[in-house]
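# Observations on the three-dimensional arrangement
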Amino acid sequence: MSTNELNALEALGQTTKVAGPASPKSISGKILIGVTGGIAVGLSIVCFPFVAPALRKHCLPYVPATSRQIENVLASVRMADAARGNRLLDIGSGDGRIVIAAAKAHRIEAHGVELNPWLVYYSRLAALSGGVFGQTRFFRKDLWKYDISGYNNIVIFGVEQMMADLETKIKAEARPDSTIIACRFPFPTLPPIKTIDAGIDSVWVYRSRGKDVTQSI
């Protein structure tokens, strides 16, 4: 073997090394990356139901009703003849406090519609602990696709940008002589039969006449 060949082999041996076992720092770094990635995915799954409404045409954020608002809503609930049934629906029911309070105060069947699954689960647990689980139901559904015709009391906690579309839905679907209770924001064109309180605790009460909502009582 020539001198040049020996030199080439020596150079190759210096540059080619067998990889040894991974260092503790390298293993710890990989574990840290995996744990961090898992936490990020978990947070994304938990937070997505709260962020998703902002991606929709109308953003309906979760804002808990105050004690005064609940009192104003309960004061507006109209009792129907027993033969016709007496049911209340809270559109965008959040943590379920309006539904639960109505079931307790008026001993009526009360339902809530909420898109966020975590709030639906919480509402059901709250109803169970509050002793009104049998009187309440909470549905994880899109409020725009939910049929409201089976209720004689409908509570709406909306935002200003969605009230016009909600007014259209009420006109098209609300059953005759049902009471519509709008909180925080009124309908843009419909005249209320009564207004309770002011500011954030305001409640506007409307009376439906089938395909229209009028001032007639």
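Details of the structure are given in the entry above.
Here the structure is a predicted model, which means the values were calculated and not measured.

### A word on the overall build of the protein chain
- In terms of helices and strands, the protein chain carries six helices and eight strands.
- Written out in order from the N terminus, the α and β elements of the protein chain read α-α-α-β-α-β-α-β-β-α-β-β-β-β.
- By residue count, 40% of the 217 residues in the protein chain fall in the buried class.
- Considering only residue pairs separated by 6 or more positions, the protein chain has 64% of its internal contacts joining residues 24 or more positions apart.
- For the protein chain, the accessible surface area stands at approximately 12400 Å², while carbon and sulfur atoms represent 61% of it.

### So, the packing of aromatic side chains
- What the rule picks out here adds up to four aromatic pairs.
- Each ring, one from Tyr146 and one from Tyr151, has its centre 6.3 Å from the other, and the planes form 35°; the classification is tilted. One exposure class covers both Tyr146 and Tyr151, and it is buried.
- Ring pairing ties together the aromatic residues Phe139, Tyr146 and Tyr151, which thus form one cluster.
- Directly above the ring of Tyr151 sits Arg87, whose terminal nitrogen or CZ lies 4.5 Å from the centroid.

### A look at the pattern of salt bridges
- Counting across every chain of the model gives five salt bridges.
- Close ionic contact of Glu109 with Arg87 constitutes a salt bridge, the shortest N to O distance being 3.8 Å. Residue Glu109 is located in strand β2 (residues 109–113), and its partner Arg87 is located in strand β1 (residues 87–91); the two are separated by 22 residues in the primary sequence.
- In this structure Glu109 comes out as partly exposed when scored by relative accessible area, which is 34%.
- The salt bridge involving Glu167 is made with Lys171; its shortest N-O contact spans 3.5 Å. Note that Glu167 and Lys171 are positioned in helix α6 (residues 163–173) at a spacing of four residues, about one turn of the helix.

Rules used in this analysis
- Residues numbered from 1 in each chain as written.
- Predicted model: local features only at pLDDT ≥ 70, side-chain atom pairs only at ≥ 80, totals over all residues.
- Heavy atoms only, no water.
- Helix = DSSP H or I, 4+ residues; strand = E, 2+ residues; numbered from the N terminus.
- Buried < 20%, exposed > 50% of the residue type's maximum accessible area, 1.4 Å probe, protein only.
- Contact = heavy atoms within 4.5 Å.
- Areas by Shrake-Rupley, 256 points an atom, 1.4 Å probe, with all protein chains shown as cover.
- Phe/Tyr/Trp six-rings, centres within 6.5 Å; stacked < 30°, edge-to-face > 60°.
- Lys NZ or Arg CZ within 6 Å of the ring centre and 35° of its normal.
- Salt bridge = Lys/Arg side-chain N within 4 Å of Asp/Glu carboxyl O.

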